[in-house]
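# Secondary and tertiary structure notes
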Amino acid sequence: MNALRSAAAAPLLDPLALRADFPILQPGASPGPELVFLDNGASTQRPRQVLDAMTRVYEHSYANVHRGIHRLSEECTELYEQARGRVQRFVNAAEREEIIFTRGTTESLNLVARSWGEVNLRPGDEILLTLLEHHANIVPWQQAAARTGAVIRWVPLTDDGRLDLAKFSELLGPRTRLVAVAAISNVLGTVNPLVEIARQTHAAGALLAVDAAQSVPHMLTDVQELGADFLACSGHKMLGPTGIGVLYARRALLEAMPPFLGGGSMIRRVTLEGFEPAELPSKFEAGTPPIVEAIGLGAAIEYLERVGLAAIHAHELRLTQEAHALLGQIEGLRILGPAPEHKGGIVSFVVDGLHPHDAAQLLDRDGIAVRAGHHCAMPLHQHLGIPASTRASFYLYNTLDEVARLAASIAAARARFKRR
Ligand code: C6P
């Protein structure tokens, strides 16, 4: 992914040293065998630095934001807006006002589909989605299409689980208004060639919405270099709290879009006849926002920047290579998606004769947390001809030893089910 800057020559990362920052990863923190947490694609754990930052606000600086004239409200507003600035720099947005705090990727994409979609889509207009999308980047567009008469077109995949770029180019046409694509598939791990997709999308006169839920936490992101018109991500997948997410959008687009939710904070003036929306970013932040969560996200970004996104990406690639090497030796196991060099830190697989739920349960007995099911990507699983898969997803605190434990546990589970 060229615009998510290159991980070449990345410094090394020491996962054992980092683990010391994560209370839940300490021996004895949770009951049962020593925890091997490989469910980071669903949600990550939080370091002490994030937990402390949030507790500090509640204990010393908490009040509602953008309302009070008292000291605490001003202090809390300052911290909240500092967090916005941190997100802006993290994804290299041109302006602070282009960062909207939401509850997560799902809400961010719904905001775009509802607010941009319903004003801009006409009957017969086309939205291009891909077969590897998460439901959060499918259902809002299906809803928008149903309301506007727009049509969804699907970009197919190659046999090894990458986007079929030749078909993508063919599908792009004069009626295409928007291309909505995941930066990294939450099932296949595929890292999509966003720069090329952005170039072709813009050449066709359409906009690009990026579902970056699985990429922003793991690789450097530069929305300007990438040419994203919209980009969505979630705090809880990047060491931050739940209930906080981000929508990046270019200012001109946000200015032209109607507010998504109505209520306090998002207005300049309300009369009996109607309302005037507030300036950006408040226009899209109705009601009391997730204040402490935003500040926690800021602390998570500070932590990630200190470790270094290039180092995180390189570390995860190493873990993915190891997982492919070890799991690939297990008879009857098939890894989904492309070779490690085209992947993030996500390895999904199916095993002959072993249902993904049974696999996950047996792994859990060994203390290994993975996810099993359709991972909110049913169309992808339908395309693959499987009802479900088992997924290991890595982060900065995972080790090669944990990958070996995963492989040993799966091999034992497979042997056990084969005997039945
Ligand atoms: N994927 C997974 O286990 P939220 O839930 O709003 O924070 O993120 C939604 C979302 C959107 N896009 C992609 C690519 C995602 O992976 C996710 C969340 C989790 O894969 C939970 S289903």
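Looking at the chain, the domain boundaries give domain 1 (9-38 + 309-418) and domain 2 (51-305). The straight-line distance from the C-alpha centre of domain 1 to that of domain 2 is 28 Å. Its largest share of buried area at the contact with domain 2, domain 1 owes to Leu 309, Leu 380 and Tyr 395, together 27% of the area lost on that side. Inspection of the domain 1/domain 2 interface yields zero salt bridges. Run the count over domain 1 and domain 2 and you get 12 residue pairs in polar contact (both at pLDDT 80 or more). Listed by contribution, the elements that provide at least two residues to the side of domain 1 that touches domain 2 are α11 (309-327), β12 (346-351), α13 (378-384) and β15 (389-393). The dominant element in the side of domain 1 that touches domain 2, judged by the number of residues it contributes, is α13, at six residues. Of the residues that constitute the side of domain 1 that touches domain 2, the class distribution is 18 nonpolar, 10 polar and four charged.

Between helix α2 (residues 48-61) and helix α3 (residues 71-91), the least distance of the axes is 10 Å, while the angle of their chain directions is 160 degrees. With respect to each other, α2 and α3 are oriented roughly antiparallel. Crossing of α2 over α3 shows right-handed handedness. Contacts from Val 57, His 60 and Ser 61 in α2 reach Leu 72, Glu 75, Cys 76 and Leu 79 in α3. Looking at the contact of α2 with α3, its residues break down into four nonpolar, two polar and one charged.

Moving on: the sheet that holds strand β7 (residues 230-234). Within the open sheet, the seven strands sit side by side as β2-β8-β7-β6-β5-β3-β4. Their pairing is mixed. A single partner strand is all that each edge strand has here, and the edge strands are β2 (99-102) and β4 (151-155). The mean inter-strand angle of the sheet, taken between neighbouring strand axes irrespective of direction, is 20 degrees. Here five bridges tie strand β5 (residues 176-182) to strand β6 (residues 207-211), and the two strands are oriented parallel to one another.

The end-to-end C-alpha separation of α2 is 19 Å, in line with the 20 Å expected for 14 residues at 1.5 Å each. By the burial criterion, the buried members of α2 are Val 50, Ala 53, Met 54, Val 57 and Ser 61. For α2, the angular spread of the buried residues around the axis is 95 degrees, confining them to a single face. In α2, the exposed residues that point more than 90 degrees away from the buried face are Arg 56, Glu 59 and His 60. Buried residues along α2 sit against α3 and α10 (291-307).

Right, let's get into the site of the ligand. Taken together, 16 residues form the shell around the ligand, and within it Thr 106, Asp 211, Ser 234, His 236 and Arg 371 come nearest. At 2.6 Å, a side-chain N or O of Ser 234 approaches an oxygen atom of the ligand. Take His 236: an N or O atom from its side chain is 2.7 Å from an oxygen atom of the ligand. Computed on the free molecule, the ligand has an accessible area of 510 Å², of which 88% lies beneath the protein chains in the complex. Of the residues that constitute the shell around the ligand, the class distribution is four nonpolar, eight polar and four charged. Residues from two domains meet in the shell around the ligand; each of domain 1 (9-38 + 309-418) and domain 2 (51-305) gives at least three.

Calculation rules
Residues numbered from 1 in each chain as written. Predicted model: local features only at pLDDT ≥ 70, side-chain atom pairs only at ≥ 80, totals over all residues. Heavy atoms only, no water. Domains from an automatic or database assignment. Buried area = accessible area lost by both parts, 1.4 Å probe. Salt bridge = Lys/Arg side-chain N within 4 Å of Asp/Glu carboxyl O. Polar contact = N/O pair within 3.5 Å; in protein donor to acceptor, adjacent residues only side chain to side chain. Helix = DSSP H or I, 4+ residues; strand = E, 2+ residues; numbered from the N terminus. Nonpolar A, V, L, I, M, F, W, Y, C, P; charged D, E, K, R; others polar. Axes fitted to C-alpha atoms, helices over the stretch in contact; angles between N-to-C directions. Parallel < 35°, antiparallel > 145°, perpendicular 65-115°, else oblique. Left-handed = near helix turned anticlockwise from the far one by under 90°. Contact = heavy atoms within 4.5 Å. Pairing = 2+ DSSP bridges. Expected span 1.5 Å × (residues − 1). Buried < 20%, exposed > 50% of the residue type's maximum accessible area, 1.4 Å probe, protein only. Arc of directions from axis to C-beta. Near = heavy atom within 4 Å. Areas by Shrake-Rupley, 256 points an atom, 1.4 Å probe, with all protein chains shown as cover.

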